[in-house]
Amino acid sequence: MRNTLFLISLFIFSISSYGQEFETGIIITQRYDTITNVKIEKLNDAKSLLHLTYIDADGNQQKPDIESIKSYTRGDENFTRIYNNGDMVLVKQITAGKKLNLYLRDYNGTATYYVEKVFDELIKVPSSGSKFTRVLGDFLNDSPEISQKIKSKELQDLKEIVTLYNQG
């Protein structure tokens, strides 16, 4: 009897811990239709770039094709499409700054960062050290002090670089 009760308790606990978690959000489609006040399923960042499941105002679960989504917010997180080398890719916005935005695309276990000057140019941040310093230093050359610190490898943390640039 104890074993049966224990197994039932374990089963109920397992089911409740695997329950889906949803957060309030807004979805904007590629056709610029806005879907507000929906509950969007909470997934890890990599899966959030591939799948979207939400509960609409009528309580129905919807699973639109991720290619039909321009951007969506889920709680405090923002996922948006950017144009990079002829492709539109869905990314997570890490920093939304006055001058510089930072995006992350975590896909198949590989993290790729993008830096965008607001209303201007966007680059994919190289992962190798020498390319990182050269490409990012040149990209931010309108801020000579930051650019020089990047090129001299004094500044290497991407989030810190974006924060300093936005403050300047």
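The rules behind the values
Residues numbered from 1 in each chain as written. Predicted model: local features only at pLDDT ≥ 70, side-chain atom pairs only at ≥ 80, totals over all residues. Heavy atoms only, no water. Phe/Tyr/Trp six-rings, centres within 6.5 Å; stacked < 30°, edge-to-face > 60°. Buried < 20%, exposed > 50% of the residue type's maximum accessible area, 1.4 Å probe, protein only. Lys NZ or Arg CZ within 6 Å of the ring centre and 35° of its normal. pLDDT = per-residue confidence, 0-100. Contact = heavy atoms within 4.5 Å. Core = buried A, V, L, I, M, F, W, Y, C linked by side-chain atoms within 4.5 Å. Helix = DSSP H or I, 4+ residues; strand = E, 2+ residues; numbered from the N terminus. Arc of directions from axis to C-beta. Salt bridge = Lys/Arg side-chain N within 4 Å of Asp/Glu carboxyl O. Pairing = 2+ DSSP bridges. Axes fitted to C-alpha atoms, helices over the stretch in contact; angles between N-to-C directions.

Caption draft 1: Inspection of the packing of aromatic side chains at higher detail. Evaluation of the coordinates by the stated rule reveals one aromatic pair. When the ring of Tyr72 is compared with that of Phe79, the centres are 5.0 Å apart and the planes differ by 20°; the resulting orientation is stacked. With a relative accessible area of 1%, Tyr72 lands in the buried category. According to the relative accessible area criterion, Phe79 is buried, its value standing at 0%. Over the face of the ring belonging to Tyr107 we find Arg105, whose NZ or CZ atom lies 4.6 Å from the ring centre. Residue placement shows Lys117 over the ring face of Phe139; its charged tip is 4.8 Å from the ring centre.

Caption draft 2: Representation of the confidence of the model for the protein. Of the residues in the protein, 89% reach a pLDDT of 70 or more, and the chain-wide mean stands at 88. Overall, residues 13–18 carries pLDDT values under 50, and its contacts beyond four positions in sequence, including any with other chains, amount to zero contacts.

Caption draft 3: Main features of the nonpolar core. Ranked by size, the top nonpolar core spans 16 residues in total, and within it Val115, Leu136, Leu140 and Ile161 carry the most contacts. Looking at this core, the elements with two or more residues in it are strand S8 (100–107), helix H3 (129–139), helix H4 (144–151) and helix H5 (158–167). No other element matches H5, which puts four residues into this core. In contact with Ile161, not counting residues within four places along its chain, are Phe132, Leu136, Leu140, Ile146, Ile150, Leu155 and Gln156.

Caption draft 4: Structural context of H4. For H4, the full list of buried residues reads Ile146, Ser147 and Ile150. End-on, the buried residues of H4 take up no more than an arc of 100°, which puts them together on one face. Turned more than 90 degrees off the buried face of H4, the exposed positions are Pro144 and Glu145. The elements touched by buried residues of H4 are H3 and H5. Following H4 by one or two positions, Lys153 has its phi on the positive side, about 65°.

Caption draft 5: Region of interest: the side chain of Thr29. In this fold, Thr29 is placed in strand S1 (residues 22–29). If we skip the residues at most four places from it in the chain, Thr29 touches Ile35, Ser68, Ile69 and Lys70.

Caption draft 6: Just the pattern of salt bridges, in detail. Evaluation of the coordinates by the stated rule reveals nine salt bridges. One salt bridge in this structure joins Lys151 and Asp138, with 2.8 Å as the shortest N-O distance. Of the two residues, Lys151 is situated in helix H4 and Asp138 in helix H3; the sequence distance between them amounts to 13 residues. Judged by its relative accessible area of 39%, Lys151 falls in the partly exposed class. For Asp138, a relative accessible area of 38% puts it in the partly exposed group. Here Lys149 makes a salt bridge to Glu145, at a shortest N to O gap of 3.6 Å. Pair noted here: Lys149 and Glu145 are both in helix H4, with a separation of four residues, about one helical turn. You can call Lys149 partly exposed: its relative accessible area is 28%.

Caption draft 7: View of the sheet that holds strand S6 (residues 77–84). Ordered by their spatial adjacency, 10 strands build an open sheet running S4-S3-S2-S1-S5-S6-S7-S8-S9-S10, and the pairing between neighbours is antiparallel. The open sheet terminates on both sides in strands that have one partner only, identified here as strand S4 (61–62) and strand S10 (122–124). Two strands pair when backbone bridges link them, and strand S7 (residues 87–96) and S8 are joined in this way by four bridges, in the antiparallel orientation. Residue pairing for S8: Lys92 is matched across the bridge by Leu104. Here H5 sits on the sheet and contacts S7, S8 and strand S9 (110–117); the angle it forms with S8, its principal contact strand, is near 160°.

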